[in-house]
Amino acid sequence: MPELPEVEVVRSGLIPAVTGATVWRVEVLDERSLRRHPGPSEDFVDRLTGVSLVAPSRRGKYLWVPFADAEEALVVHLGMSGQVLLRDVDAPVAKLTRIVMWMDQPAHGPVRVDFVDQRIFGSMAIDRLVPTSDVAGERIPASVAHIARDPMDPHFDDRQFFDRLARRDTTIKRALLDQTLVSGIGNIYADEALWAARVHYDQPTRALSRPRARALLAEVREVLGKALAEGGTSFDAQYVNVNGASGYFAHSLNAYGRQGEPCPRCGRPIVREVFMNRGSHFCPTCQRVRVAGGARG
DNA sequence: CCGGACTCCTGGTTGC
DNA sequence: TGCAACCAGGAGTCCG
């Protein structure tokens, strides 16, 4: 499940290949990967063929490559299983490849960018760029404008986040996964940050004290930052690859996928419960629901 | 505003 | 061994 760190690895890997590149051919092998493109695949191909690209941007789990005209961008979401692969122009096309783009980059020469996606929850689309509501001169695809800034964004407003969190009548993991409140966090890093901060996934946000909320956000940044660092070290510039949980970050997980194994902090077994139709991994000893004014749950 | 159900999807795993 | 059922879940939409 690609989350912020994995998407950022893809973004940074794409920089040398696509910045200043001109697209000269596009082939859509599976139209389902264009589900979020408003129009038929011919429209996607026509609008992308011949354009020049600038350096890719990211917000949360969304990635986009603006066109040099600054009016539109190629928007990418990896979904559950999406990968962006850089290949030689005549390399064989891998199984499950949904979209293939050929481009020329002045310094790097010809390159092929393949969008591979097993489960097809990911997508590519062309969308117009609109100004952001909070930073002058900054633009974002219209379809991404509703997504909140991520915690690694220099313009992320901590205080506004805490205020919105406190005002919400919901529980903390639901809030962490709500991309309109804070973006980039998925199931894996939510469980990891909650474990690190000793917060139960079903903790009501209104009963989460400001200091504990502050500590949780710090752990979110710690977890994402660590994953970014590990992704950065294992990244091969010739081959942009994302494998999510089974990929490079799996070995450093404390809670996610470790049900039955001892909690690295207290030694008691990690438990997995189904919450929001996905697995929640936590230590029932370290992570307890607290109600306002006391400890219990 | 909130949450639950539903939808999209298929390789790998489990169970009989 | 064969095959069906099940599982993983990001995000949008609809509905109560």
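Here the structure is a predicted model, which means the values were calculated and not measured.

Engineer: For empty space enclosed by the protein, give the residues involved together with the corresponding values.
Structural biologist: In this structure the tally under the stated criterion is 3 cavities of 30 Å³ or more. Quantified by volume, the largest cavity comes out at close to 80 Å³. Around the largest cavity, the lining residues are Leu-14, Val-18, Leu-53, Leu-63, Val-65, Leu-74, Val-76, Val-84, Met-101, Met-103, Val-113 and Met-124. Elements that contribute at least two residues to the lining of the largest cavity include exactly α1 (4-18), β3 (62-66), β4 (72-77) and β6 (97-105). The residue inventory of the lining of the largest cavity, partitioned by class, reads 12 nonpolar, no polar and no charged.

Engineer: Explain the protein's contact with DNA strand B to me, and be specific about the residues and the numbers.
Structural biologist: Surveying the vicinity of DNA strand B reveals the residues Arg-32, Leu-96, Gln-118, Arg-119, Ile-120, Phe-121, Arg-168, Asp-169, Thr-170 and Arg-174. Backbone sugar and phosphate groups make up 71% of those atoms of DNA strand B lying within 4 Å of the protein. The side chain of Thr-170 places a nitrogen or oxygen atom 2.9 Å from a phosphate oxygen of DNA strand B. Between DNA strand B and Arg-174 there is a distance of 2.9 Å, counted from a phosphate oxygen to a side-chain nitrogen or oxygen. Broken down by class, the residue content of the surface near DNA strand B amounts to 3 nonpolar, 2 polar and 5 charged.

Engineer: Before we move on, can you summarise the layout of surface pockets with the specific residues and values?
Structural biologist: Looking at the largest pocket, its volume works out to about 460 Å³. Surrounding the largest pocket, 20 residues form its lining, Lys-61, His-77, Gly-79, Met-80 and Arg-278 being those nearest its centre. For the lining of the largest pocket, the leading source of residues is strand β11 (residues 278-282), giving 3 residues. Taken together, the residues that form the lining of the largest pocket break down as 9 nonpolar, 7 polar and 4 charged. Each of domain 1 (4-144) and domain 2 (158-296) contributes no fewer than three residues to the lining of the largest pocket. Approximately 320 Å³ is the volume attributed to the second largest pocket.

Engineer: Can you break down the sheet that holds strand β9 (residues 139-141) residue by residue, with the values?
Structural biologist: Sheet architecture is open: 5 strands sit in the order β2-β3-β4-β8-β9, paired in antiparallel fashion. Strand pairing shows two members of the sheet lacking a second neighbour, β2 (57-59) and β9, which therefore form its edges. Adjacent strand axes in the sheet meet at a mean angle of 35°, parallel and antiparallel pairs treated alike. Judged from the 3 bridges that link them, β2 and β3 form a sheet pairing that is antiparallel. Along β3, the bridge assignment pairs Ser-57 with Trp-64. Contacts from helix α2 (residues 41-48) reach β4 and β8 (123-131) within the one sheet, and its direction differs from that of β8 by about 60°.

Engineer: I'd like to hear about the sheet that holds strand β5 (residues 82-87), residue by residue, with values.
Structural biologist: Read from one edge of the open sheet, 4 strands run β1-β6-β7-β5, paired in antiparallel fashion. Strand pairing shows two members of the sheet lacking a second neighbour, β1 (22-28) and β5, which therefore form its edges. Each neighbouring strand pair of the sheet contributes to a mean axis angle of 20°, computed without reference to strand direction. Strand direction decides the pairing type here: β6 and strand β7 (residues 109-117), joined by 8 bridges, are antiparallel. Bridging across to β7, Trp-102 finds its partner in Arg-112. Against the sheet, α1 engages β5, β6 and β7, with an angle of about 30° to β5. With respect to the sheet, α2 is in contact with β1 and β6, its orientation differing from that of β1 by roughly 165°.

Definitions and cut-offs
- Residues numbered from 1 in each chain as written.
- Chains lettered and ligands numbered in written order.
- Predicted model: local features only at pLDDT ≥ 70, side-chain atom pairs only at ≥ 80, totals over all residues.
- Heavy atoms only, no water.
- 1 Å grid on protein atoms, 1.4 Å probe; cavity = no way out; pocket = protein on both sides within 12 Å on 5 of 7 lines; lining within 4 Å.
- Points joined across faces, edges and corners; volume = space filled by probe spheres on them.
- Helix = DSSP H or I, 4+ residues; strand = E, 2+ residues; numbered from the N terminus.
- Nonpolar A, V, L, I, M, F, W, Y, C, P; charged D, E, K, R; others polar.
- Near = heavy atom within 4 Å.
- Polar contact = N/O pair within 3.5 Å; in protein donor to acceptor, adjacent residues only side chain to side chain.
- Domains from an automatic or database assignment.
- Pairing = 2+ DSSP bridges.
- Axes fitted to C-alpha atoms, helices over the stretch in contact; angles between N-to-C directions.
- Contact = heavy atoms within 4.5 Å.

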